[in-house]
Amino acid sequence: MALSMVIGLTLAFGFDIDDSPALLLAWVGSWGAAWHLYQRARLQGRRAWLLGGFAMLGPVPAILVHLWLRGS
């Protein structure tokens, strides 16, 4: 998750955002985090599909899901 955010920010500010797939890379990079958050929610007995699906939307929702699961 953190790696996808670093790559996205590097591509966004290091290059012209119109010519780089920074947003796509950040979104695809969050899929791995979403899978892990899905597994964690499942182990905690929470709604895994809902939380995993929300985390797939991007890095920021994935961070929010992580913080919510950590606080529970």
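Small disclaimer: the values here were computed from a predicted structure and weren't measured.

### A few points about the overall build of the chain
Along its length, the chain carries 4 helices and 0 strands. Put simply, the chain runs from its N terminus to its C terminus through helices and strands in the order α-α-α-α. Buried positions account for 31% of the 72 residues belonging to the chain. Contacts spanning at least 24 positions in sequence make up 51% of the contacts within the chain whose residues lie at least 6 apart.

### Quick look at a nonpolar patch on the surface
Together, Leu24, Trp27, Val28, Trp31 and Met56 make up a nonpolar patch on the protein surface, roughly 440 Å² of accessible area in all. Following the sequence through the fold, Trp31 ends up in helix H2 (residues 22-44).

### Observations regarding the packing of aromatic side chains
Across all of its chains, the model carries 1 aromatic pair by this definition. Arranged with centres 5.2 Å apart and planes meeting at 55°, the rings of Tyr38 and Trp49 form a pair that is tilted. Of this pair, Tyr38 sits in helix H2 while Trp49 sits in helix H3 (residues 48-55), placing them 11 residues apart in sequence. Of the residues examined, Tyr38 reaches a relative accessible area of 16% and is grouped as buried.

### Concerning H3
When we look at burial in H3, the residues that qualify are Ala48, Leu51, Gly52 and Ala55. The arc enclosing the buried residues of H3, seen along the axis, measures out at 95°, which places them on a common side. In H3, those exposed residues whose orientation departs by more than 90 degrees from the buried face are Trp49 and Leu50.

### Re the confidence of the model for the chain
Chain-level pLDDT for the chain is 80 on average; 74% of the residues reach the 70-or-more range. Across the chain, H3 holds the top mean pLDDT of 91, while helix H1 (residues 2-14) sits lowest at 68.

### Some remarks on the nonpolar core
Core analysis: the largest hydrophobic core is formed by 10 residues, namely Ala34, Leu37, Tyr38, Ala41, Ala48, Leu51, Ala55, Ala62, Val65 and Leu69. Mapped onto this core, the elements with two or more residues apiece are H2, H3 and helix H4 (59-71). Residues within four places of Tyr38 in sequence aside, it is in contact with Ala48, Trp49 and Gly52.

What counts as what
- Along each chain, numbering runs from 1 in the same order as the chain's sequence is written.
- Totals for whole chains, interfaces and linings use every residue, but because this is a predicted model, local features are given only for residues with pLDDT of at least 70 and side-chain atom pairs only at 80 or more, for both listing and counting.
- Just so you know, side-chain values use all the structure's heavy atoms and leave hydrogens and water out.
- Helix and strand assignments come from DSSP, with helices taken as H or I runs of at least 4 residues and strands as E runs of at least 2, each series counted from the N terminus.
- Relative accessibility under 20% of the residue-type maximum defines a buried residue, over 50% an exposed one, and the middle range a partly exposed one, all with a 1.4 Å probe and only protein chains included.
- Whether two residues are in contact is decided by their heavy atoms: any pair within 4.5 Å suffices.
- Only residues above 30% relative accessible area that lack a salt bridge enter a patch, with like-charged residues linked at up to 9 Å and the nonpolar side chains Val, Leu, Ile, Met, Phe, Trp and Tyr linked at up to 5 Å.
- Each accessible area value is a Shrake-Rupley result obtained with a 1.4 Å probe; residue values ignore everything except the protein chains displayed when judging cover.
- In what follows, salt bridge is the name for a side-chain nitrogen of Lys or Arg lying within 4 Å of a carboxyl oxygen of Asp or Glu.
- Under the pairing criterion, centres of Phe, Tyr and Trp rings, with the six-membered ring standing for Trp, must be within 6.5 Å; the plane angle then separates stacked pairs below 30 degrees from edge-to-face pairs above 60, leaving the rest tilted.
- This arc is built from the directions going out from the helix axis to the C-beta atoms.
- pLDDT measures how confident the predictor is about each residue, on a scale from 0 to 100.
- We define a nonpolar core as any set of buried Ala, Val, Leu, Ile, Met, Phe, Trp, Tyr and Cys residues linked to one another through side-chain atoms lying within 4.5 Å.

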